[in-house]
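Spelled out, the chains give:
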Amino acid sequence: MDLLEAHGQAIRAFGDAVHAAGAGDWGHRTPCTKWTVRDLVNHLVAEQLWAPSLLAGATLDDVGDRFDGDVLGDDPAEAWDTAAEAAREAFLDDGVLERAVHLSYGLVPAREYGWQMTVDAAVHSWDLATALSLPSPVTEPLAERLIDVVRPWVDDWQGLGLFDPPVAVGRAAGPTARLVALLGRRPR
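Here the structure is a predicted model, which is why all the values come from computation and not from measurement. (Residues numbered from 1 in each chain as written. Predicted model: local features only at pLDDT ≥ 70, side-chain atom pairs only at ≥ 80, totals over all residues. Heavy atoms only, no water.)

Digging into the overall build of the chain
Part 1 of the argument: Helix and strand counts for the chain stand at eight helices and two strands.
Part 2 of the argument: Against the 2.2 N^0.38 benchmark of 16 Å for 188 residues, the chain shows a C-alpha radius of gyration of 16 Å, consistent with a compact globule.
Part 3 of the argument: Considering only C-alpha atoms, the chain reaches an extent of 45 × 40 × 30 Å along its principal axes.
Part 4 of the argument: Residues classed as buried in the chain amount to 49% of the 188 residues present.
Part 5 of the argument: Within the chain, contacts between residues separated by at least 24 positions form 67% of all contacts whose residues are at least 6 apart in sequence.
Part 6 of the argument: Summing over all exposed atoms, the chain offers an accessible surface of approximately 9200 Å²; the carbon and sulfur share of this is 50%.
Part 7 of the argument: Side chains of the chain carry 15 positive and 29 negative charges; the gap between the two charge centres is 8 Å. (Helix = DSSP H or I, 4+ residues; strand = E, 2+ residues; numbered from the N terminus. Rg over C-alpha atoms; globule rule 2.2 N^0.38 Å. Buried < 20%, exposed > 50% of the residue type's maximum accessible area, 1.4 Å probe, protein only. Contact = heavy atoms within 4.5 Å. Areas by Shrake-Rupley, 256 points an atom, 1.4 Å probe, with all protein chains shown as cover. Lys, Arg positive; Asp, Glu negative; His and termini not counted. Charge placed at Lys NZ, Arg CZ, Asp CG, Glu CD.)

Written out as structure tokens, the structure is:
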């Protein structure tokens, strides 16, 4: 599975979970212990809002604080749809994956940024589905691919506040359980 296919699947998985949230669900706690459902969706929407600018060559200073605070407004699902569509279009732009992107820790290949965005969307899809008591929207093939991608980065990410330390799972754990455990979640 290539990056663009994986990215599309992760974005759709998160969107499906967002659209499953009912009016009374936005205050529910998520596996990201500091975040409610609304906080989690706000985080992912803000990430998607950043993507088109960063992929076009903007620096963090160029973007500034435009996407700080509440970016959901009165219709979180619509905010997600709009931001996700713009980010997806930016990733699909010809030649974009051959560029470099300015991130908080320096200039990185756009392809690496794409994988990071894909991993984040997939894992937060699981978080959101868990908070909403829904089945995981992360498919086994997507989880398998993301395990291969993220495994070399896990040690480097420790201490950055991106993910909790990996959690042990049994040998019989499926790919999605192994992926979320690798990124500090306790599989259900």
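That shown, we press on.
Here we look at helix α6 (residues 140-150)
Part 1 of the argument: Of the residues making up α6, those classed as buried are Leu142, Ala143, Leu146, Ile147, Val149 and Val150. Down the axis of α6, the sector holding all buried residues measures 165°, keeping them to one side.
Part 2 of the argument: Between the side-chain oxygen at the start of α6 and the backbone nitrogen of Leu142 there is a gap of 3.2 Å, and the oxygen is on Thr139. (Arc of directions from axis to C-beta. Polar contact = N/O pair within 3.5 Å; in protein donor to acceptor, adjacent residues only side chain to side chain.)

With respect to the pairing of strand β2 (residues 106-109)
Part 1 of the argument: For strand β1 (residues 100-103) and β2, the ladder comprises four bridges, and the chain directions are antiparallel. Each bridged residue has a counterpart across the sheet, and for Val101 the counterpart in β2 is Val108.
Part 2 of the argument: Between the antiparallel neighbours β1 and β2 lie two residues. (Pairing = 2+ DSSP bridges.)

As for the side chain of Ser125
Part 1 of the argument: Secondary-structure assignment places Ser125 in helix α5 (residues 110-131).
Part 2 of the argument: A polar atom in the side chain of Ser125 sits 3.0 Å from the backbone nitrogen of Phe14.
Part 3 of the argument: For Ser125, the side chain forms a polar contact with the main-chain oxygen of Ala121, separated by 2.6 Å.

Considerations on the environment of Val180
Part 1 of the argument: Relative to the elements of secondary structure, Val180 occurs in helix α8 (residues 175-182).
Part 2 of the argument: Placed 53 residues apart in sequence, Val180 and Asp127 show a C-alpha to C-alpha distance of 8.9 Å.
Part 3 of the argument: Setting aside residues up to four positions removed in sequence, Val180 forms contacts with Trp126, Arg185 and Pro187.

Description of the nonpolar core
Part 1 of the argument: Of all hydrophobic cores here, the largest spans 64 residues; its most connected members are Val41, Leu55, Tyr113 and Leu128.
Part 2 of the argument: Within the residue set of this core, elements represented by two or more residues are α1 (3-20), α2 (37-55), α4 (76-92), β1, α5, α6 and α8.
Part 3 of the argument: It is α5 that provides the largest number of residues to this core, a total of eleven residues.
Part 4 of the argument: Leu128 has contacts with Phe14, Ala17, Val18, Val37, Leu40 and Val41, leaving out every residue within four places of it along the chain. (Core = buried A, V, L, I, M, F, W, Y, C linked by side-chain atoms within 4.5 Å.)

As for the side chain of Gln9
Part 1 of the argument: As for its placement among the helices and strands, Gln9 is situated in helix α1.
Part 2 of the argument: Here Gln9 falls in the buried class, since its relative accessible area comes to 19%.

Coordinates in, geometry out; function isn't part of it.
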